[in-house]
Amino acid sequence: MKKITIAVIGAGCRGMYAYTPYLLENPNVGEVIAIAEPIKEKRELFKTMYNISNKNTFDTWEDLLSKEKIADALIIANNDGSHFEPAKLALEKGYHVLLEKPMSNNLDKIIKLGELAKKYNNQIFMVCHVLRYTPFFNKLKEIIDSKELGELVSIQHNENIGYWHFAHSYTRGNWRNSNETSPLILSKSCHDLDILLWLTGSKCKYISSFGNLIHMREDNFKEDMAYQCVNCLNEKECPYSSIKIYLEDDKIVRSLNAVHHNPTKENLQKAIIDGPYGRCVYKCDNNVVDHMVSILEFENKVTATFNLSAFTENCTRTIKLMFTHGEIGGNHIKNIIDIHKFSDDFHTVIHPTVNKSGHGGGDYALIKDFISLVVSNNKEIKASAIQSIESHIMAFAAEYSRLNYKVVNVDNFYQDAKNNKKISR
């Protein structure tokens, strides 16, 4: 097997810890040879971790892509608003591209990326829809396609964000404000919409959504609270306390790197004294919804509901699939699939084999497949950019529906966007 070279844009949680560790564990298949990251501490950490040379260490993606092509492939894992330009330039230079979701936070640029995917169809252009690579969702797809429970009729899919995760990423963190990044259903859940497309095997015809930000807002700031948790008289009783989440809870080990690039207890303590991750959740500049429900109808008449909520204990996905001759219940993180055929009195419980962590094994399997595709130049891509356009369009349509209280015809919405008709938000 040919050994490939990979350059990376963005040394954040996804760029540094989700995908590239596969190359450290499997140096025979490839190596990371370049990094572009504007934050010096993260850049230096990545450089050391992956033994990057000085000449291939760049402050910005513009610096990296100003050079002639230096690697076989490029992983783009910087912020949502800066995906389009490096992806376009990388494709033009001949790179194979693995692009973190969402593809962009701009509808026009997503459509243009779809056009670029068709234009540069001799290169691998793949989007990080990791759920398609998890043993859990692959098993569900296998059962659906087998028809052993009859025809699929309806799906109830829940994204349980977790109260602590919502406080971290969507109230204090990078994805808190849709004016700066993306609507929640795009940044958090475009790959949930993608998995619904994949499971149903059909295009989405109509979508209608409702949701609001009701809790983590200034209206709920009380007199005994403070702007920073370390000064708050109510901190001991508050589940969203940054002291609890970052110093006492072991749930978000990977996300601690977002608070400080070297997340020792001492560094974390300093970071929450006056940094953004130490802010009261009722005094942040967040505006994304904390709960949202979408109703979907697919062209094959399958219906689905998608419930997105901050107010859950665990950060997981739960699902119920209803068929003409049976039903399935599942919990992604617990890795449980409960199958019941109506003609039987018993349930069959399956625990799909997961060899690696990270989205239930999806992160590891995705990068493994990407490298294999680059080596073989196989165009049968499980999460191609062309396929990924639809889930992103659905996310924008869902947000449009939520804001305007309208049922949206997804195909018409897409055509209007392609024709540059103004879509009011």
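(A) Broad picture of the pattern of salt bridges. Summed over the entire model, instances satisfying the criterion amount to 22 salt bridges. E159 serves as the salt-bridge partner of K188, at 2.5 Å between the closest nitrogen and oxygen. Here K188, found in the loop between α9 (184–187) and α10 (190–200), pairs with E159, found in strand β7 (residues 152–160); they are 29 residues apart in sequence, far enough to count as distant. By relative accessible area, E159 is classed as buried at 2%. R176 serves as the salt-bridge partner of E180, at 3.7 Å between the closest nitrogen and oxygen. R176 sits in the buried class, given a relative accessible area of 15%.

(B) Focus on the pairing of strand β4 (residues 73–76). Judged by which residues are buried, β4 turns out to be covered on both faces: A73 and I75 on one side and L74 and I76 on the other are all buried. In this structure, β4 lies alongside strand β5 (residues 96–99), joined through four bridges in parallel fashion. When the bridges of β5 are listed, I76 appears paired with L99. Following the chain from β4 across helix α5 (residues 84–93) to the adjacent parallel β5, one finds a crossover that is right-handed.

(C) Highlighting the side chain of R43. Among the structural elements, R43 can be located in helix α3 (residues 40–49). Exposure remark for R43: the relative accessible area of 10% places this residue in the buried category. Of the polar contacts made by the side chain of R43, one reaches the side chain of D59; its length is 3.4 Å. Aside from chain neighbours lying at most four places away, what touches R43 is E37, P38, T57, F58 and D59.

(D) Structural view of the state of the cysteines. Scanning the entire structure with this criterion turns up zero disulfides. Of all cysteine sulfurs, the one in C190 lies closest to C128, which takes part in no disulfide; the gap is 10 Å.

(E) Representation of the packing of helix α7 (residues 135–146) against α10 within the structure. It is at 9 Å that the axes of α7 and α10 come closest, and there the two elements cross at 30°. One finds that α7 runs roughly parallel with respect to α10. On the side of α7, the interface is formed by F137, N138, L140, K141 and I144, while α10 contributes I195, W198 and L199. Residue classes in the contact of α7 with α10 are distributed as six nonpolar, one polar and one charged.

(F) Structural detail: α10. α10 sits mainly inside the fold: eleven of its eleven residues count as buried. Looking only at α10, the buried set comprises C190, H191, D192, L193, D194, I195, L196, L197, W198, L199 and T200. The first or second residue beyond α10 is G201, which carries a positive phi of 65°.

(G) Expanded view of the nonpolar core. Ranked by size, the top nonpolar core spans 103 residues in total, and within it F137, L140, L199, L296, L321 and I328 carry the most contacts. If you tally residues by element for this core, the top one is helix α15 (residues 385–404), at nine residues. L296 has contacts with L193, L196, C204, Y206, I207, V302, T303, A304, F306 and M394, leaving out every residue within four places of it along the chain. Membership of the second largest hydrophobic core comes to 32 residues, among which are I75, A77, I367 and V374.

(H) Representation of the packing of aromatic side chains within the structure. This structure, assessed with the given rule, holds nine aromatic pairs. Ring geometry for F136 versus F137: centroids 4.9 Å apart, planes at 85°, classification edge-to-face. Ring centres of F221 and Y227 lie 5.9 Å apart, and the angle between their planes is 45°; on these two criteria the pair is classed as tilted. By relative accessible area, which is 22% here, F221 ends up partly exposed. Directly above the ring of F221 sits K283, whose terminal nitrogen or CZ lies 4.9 Å from the centroid. Sitting above the plane of the Y133 ring, K382 keeps its charged end 5.1 Å from the centroid.

Rules used in this analysis
- Residues numbered from 1 in each chain as written.
- Predicted model: local features only at pLDDT ≥ 70, side-chain atom pairs only at ≥ 80, totals over all residues.
- Heavy atoms only, no water.
- Salt bridge = Lys/Arg side-chain N within 4 Å of Asp/Glu carboxyl O.
- Helix = DSSP H or I, 4+ residues; strand = E, 2+ residues; numbered from the N terminus.
- Buried < 20%, exposed > 50% of the residue type's maximum accessible area, 1.4 Å probe, protein only.
- Pairing = 2+ DSSP bridges.
- Right-handed = clockwise from strand over helix to strand, strands pointing away.
- Polar contact = N/O pair within 3.5 Å; in protein donor to acceptor, adjacent residues only side chain to side chain.
- Contact = heavy atoms within 4.5 Å.
- Disulfide = S-S within 2.5 Å.
- Axes fitted to C-alpha atoms, helices over the stretch in contact; angles between N-to-C directions.
- Parallel < 35°, antiparallel > 145°, perpendicular 65-115°, else oblique.
- Nonpolar A, V, L, I, M, F, W, Y, C, P; charged D, E, K, R; others polar.
- Core = buried A, V, L, I, M, F, W, Y, C linked by side-chain atoms within 4.5 Å.
- Phe/Tyr/Trp six-rings, centres within 6.5 Å; stacked < 30°, edge-to-face > 60°.
- Lys NZ or Arg CZ within 6 Å of the ring centre and 35° of its normal.

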